[in-house]
Amino acid sequence: MDLRKQQIAFYTALLFGALAAMGWGLKTAGIQGAMFGFFASFTLGGGLMCIWERSVVRSAFSLMATFCGVAGLFILLGHDFLAMAQILIYVGGILVLILFGVMLTPPDLNERQLPRVGLGVVAVVGALAFVGAKVAAVVNWAQAETLPPAETKAEQIGAAFLRADGYVIAFELAAVLLTVALVAAVYIARRKPSDLIDLTEEGGY
Amino acid sequence: MNDGNALYRFLQPHAPDFVPDWGVVLTVAIIGVSIVIAIVGLIALAGTWAERKVSAHIQCRYGPMYVGGWHGWAQALADGIKLISKEDMIPVGADRMLFMLSPSILLGSVFAALCAMPLAPAFYFGYIDLGVFMILAFSSLTTIGVVMAGWASNSKWSLYGAMREAAQVVAYEIPLGVSLLAPLLVVGTFNMVEASNAQADYFGMGWLAFKNPFVLGASVIFFIAVLAETKRAPFDLPEAESELVAGFLTEYSGIRWSLFFMEEYAAMFLMSVVTAFFFFGGFESPLSYLAMKSFGDGYVYQVVCFLTLAAKGSFGIFMMMWLRWTLPRLRIDQVMTMGYKYLTPLALFCVLGAGIWEAIKHAVS
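Cut-offs used in this document
- Residue indices begin from 1 for each chain and proceed along its sequence in written order.
- Naming scheme: in the order in which they are written, chains are lettered from A and ligands are numbered from 1.
- For a predicted model such as this one, the threshold for reporting local features is a pLDDT of at least 70, and the threshold for listing and counting side-chain atom pairs is 80 or more; totals across whole chains, interfaces and linings nevertheless cover every residue.
- To obtain the side-chain values, all non-hydrogen atoms of the structure were used and water was disregarded.
- Starting at the N terminus, helices and strands are each numbered in turn, a helix being any DSSP run of H or I of at least four residues and a strand any DSSP run of E of at least two.
- When accessible area is computed with a 1.4 Å probe and restricted to protein chains, residues below 20% of their type maximum are described as buried, those above 50% as exposed, and intermediate ones as partly exposed.
- Pairs of residues are marked as contacts when any of their non-hydrogen atoms sit within 4.5 Å.
- Surface exposure here means Shrake-Rupley accessible area, sampled with a 1.4 Å probe, where a residue is shielded only by the protein chains that are shown.
- One less than the number of residues in a helix, times 1.5 Å, gives the span that helix is expected to have.
- Any Lys or Arg side-chain nitrogen located within 4 Å of an Asp or Glu carboxyl oxygen qualifies as a salt bridge.
- Whether two aromatic rings pair depends on their centres lying within 6.5 Å, for rings of Phe, Tyr and Trp, where Trp uses its six-membered ring; planes under 30 degrees apart make the pair stacked, over 60 edge-to-face, and the rest tilted.

### Overview of the overall build of chain A
- Within chain A, the secondary structure is distributed over seven helices and zero strands.
- Moving toward the C terminus, one meets the helices and strands of chain A in the order α-α-α-α-α-α-α.
- Across the 205 residues of chain A, 23% fall into the buried class.
- If you take every contact in chain A between residues at least 6 apart in sequence, the share linking residues at least 24 apart comes to 61%.
- As displayed, chain A has an accessible area near 14200 Å², and 73% of this comes from carbon and sulfur atoms.

### Observations regarding helix H2 (residues 56-76) of chain A
- With 21 residues, H2(A) extends 31 Å between its outermost C-alpha atoms, agreeing within 8% with the 30 Å of an ideal straight helix rising 1.5 Å per residue.
- Turning to H2(A), its buried residues are A:Val57, A:Arg58, A:Ser59, A:Ala60, A:Phe61, A:Ser62, A:Met64, A:Thr66, A:Phe67, A:Gly69, A:Ala71 and A:Gly72.

### Some thoughts on the pattern of salt bridges
All names here are of chain B.
- For the coordinates displayed, the defined rule picks out 10 salt bridges over all chains.
- Of the charged contacts in the structure, one is a salt bridge between arginine 331 and aspartate 333, with a shortest N-O distance of 2.9 Å.
- By relative accessible area, aspartate 333 is classed as partly exposed at 38%.
- Connected through salt bridges with shared partners, the residues Glu51, Arg232, Glu264 and Arg324 form a single ionic network.

### Some words on the environment of A:Ala71
Residues and elements named next belong to chain A.
- In this fold, alanine 71 is placed in helix H2.
- You can call alanine 71 buried: its relative accessible area is 2%.
- Considered as a pair, alanine 71 and valine 139 are 68 residues apart in the sequence and their alpha carbons are 24 Å apart.
- Filtering out sequence-adjacent residues up to four positions away, alanine 71 remains in contact with Ala83, Gln86 and Ile87.

### Considerations on the side chain of B:Thr308
Residue and element names in this part refer to chain B.
- Mapping threonine 308 onto the fold places it in helix H14 (residues 299-324).
- Residue classification places threonine 308 among the buried residues on the basis of a relative accessible area of 9%.
- With residues near it in sequence (within four places) discarded, threonine 308 still touches Gly282, Phe283, Glu284, Ser285 and Ser288.

### Considering the packing of aromatic side chains
- Going through the model one piece at a time under the given rule, you end up with 23 aromatic pairs over all chains.
- Between A:Phe38 and A:Phe42, the ring centres sit 5.3 Å apart and the planes meet at 40 degrees, which makes this aromatic pair tilted. Taken together, the positions of A:Phe38 and A:Phe42, both in helix H1 (residues 3-52) and four residues apart, correspond to about one turn of that helix.
- Of the residues examined, A:Phe38 reaches a relative accessible area of 32% and is grouped as partly exposed.
- A relative accessible area of 35% places A:Phe42 in the partly exposed class.
- Judged by centre distance (6.3 Å) and plane angle (40 degrees), the ring pair of B:Phe315 and B:Phe318 falls under tilted. Taken together, the residues B:Phe315 and B:Phe318, both in helix H14 and three residues apart, mark about one turn of the helix.
- A connected cluster of aromatic rings, assembled from ring pairs, spans B:Trp207, B:Phe210, B:Phe222, B:Phe279 and B:Phe280.

Below you can see the structure in the form of structure tokens.
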């Protein structure tokens, strides 16, 4: 099978998997279930594409589907602030930085060698079986009626961050830590004036 | 959840018995999306025509004068027909899938962001507590579209344009968000309708930028950051036509190319509207104050509010065009210096000042 046929087969399988997930969700939990199926297949499909695609930039772009799918799952859970923060930070910030790093690779599909599909399948299935068995043994699955009403408003989050009996100290410490990390990164990355002298014709400026 | 949708509230009592609830929801969704698409199309048509006219008059020319008769008003329509009928070309070396996907991502993110924009105090697609946060989140997706277009074109110019876009957006997202914090601090809500209602005092002129001097300063920073976000001159480095042919747009032609411009004008309008909502009164103006006083909050008030908002958005677009045809383009290192060294500290200073001002005001009163 050549590369193109493999691609088509992979994406067709992905599409049918997504449709099956949505149909199953619709059957078990109505519109909400269908939406869950949609977002879940977005998340997982993006992850699978990320592994499957041979071009590293395409892998990075497929992460966008994963992040957006996770944001959709947050919305289904009633955490709209988390969902929007997920899009703003992961897609608008982190993914752009990743792309900035890998963008200079050429769009050549033969660049990465064909992954050893059989070995990959064995590894993934083995890992999933192991983790699944562990999780199933430990977790006490929450029933729908025992879940607390999940509604996080931006107001509540703000109050929790800034009230004295909330997380104000942790919040401020995280802010200080991030600032220190930023300043340190700039300090390490910047050129000293002595490095610049050799770069100019006149012997520095 | 659907109670927040004005269309749903309007249609629900009139729905016949045999129509299920999800049918109403679907109808509302289709109408809402059609309205948003109509807005984007209208802005793109009016925007391209206005851009030509404004640029022409700034340069002492006339611009388009013939098509349609009155000042060439149909020029944009003629352009649209030309672009649709052009051959749709994809370069051989391009990554076809991403090349075709990127205009959709760009336009889709703007559509999603526009859905959070209320059109009148009682007409919105959702009474969203996180309105402006949602708009910022979705408009940050446009970067991905631009980077995708630049990389998928497999051309040096496009790639350079995409890299500049990525660097520029990462630099300017910080002052954009931080300077928006200053009015948010004063008004205390992300919700755009509530923010607008909070500015209705002083005969409709209690705009946040006039209530607190630091918010006025923040509005300037916000507007500069918006120019960089929407890739408008003097920050149009991603498409810098004198250096990079057309930057990330180089390999695009025909209708795909015009989709990029639809996105650009829609994003300009959207960000002007956000500026209006959180700095310059939103729906409120002396005119809407008069309408409120004489007709109550009925249809007249809603229409006046919508027109006020449209006027403010159009004025924002006009400002952007004015700046584009007045200022020379910055170099990339100047863009970075401006974003990191000047705008970010100034934005932080504005937030701090706005907070202190509010605290003093609170202590005095």
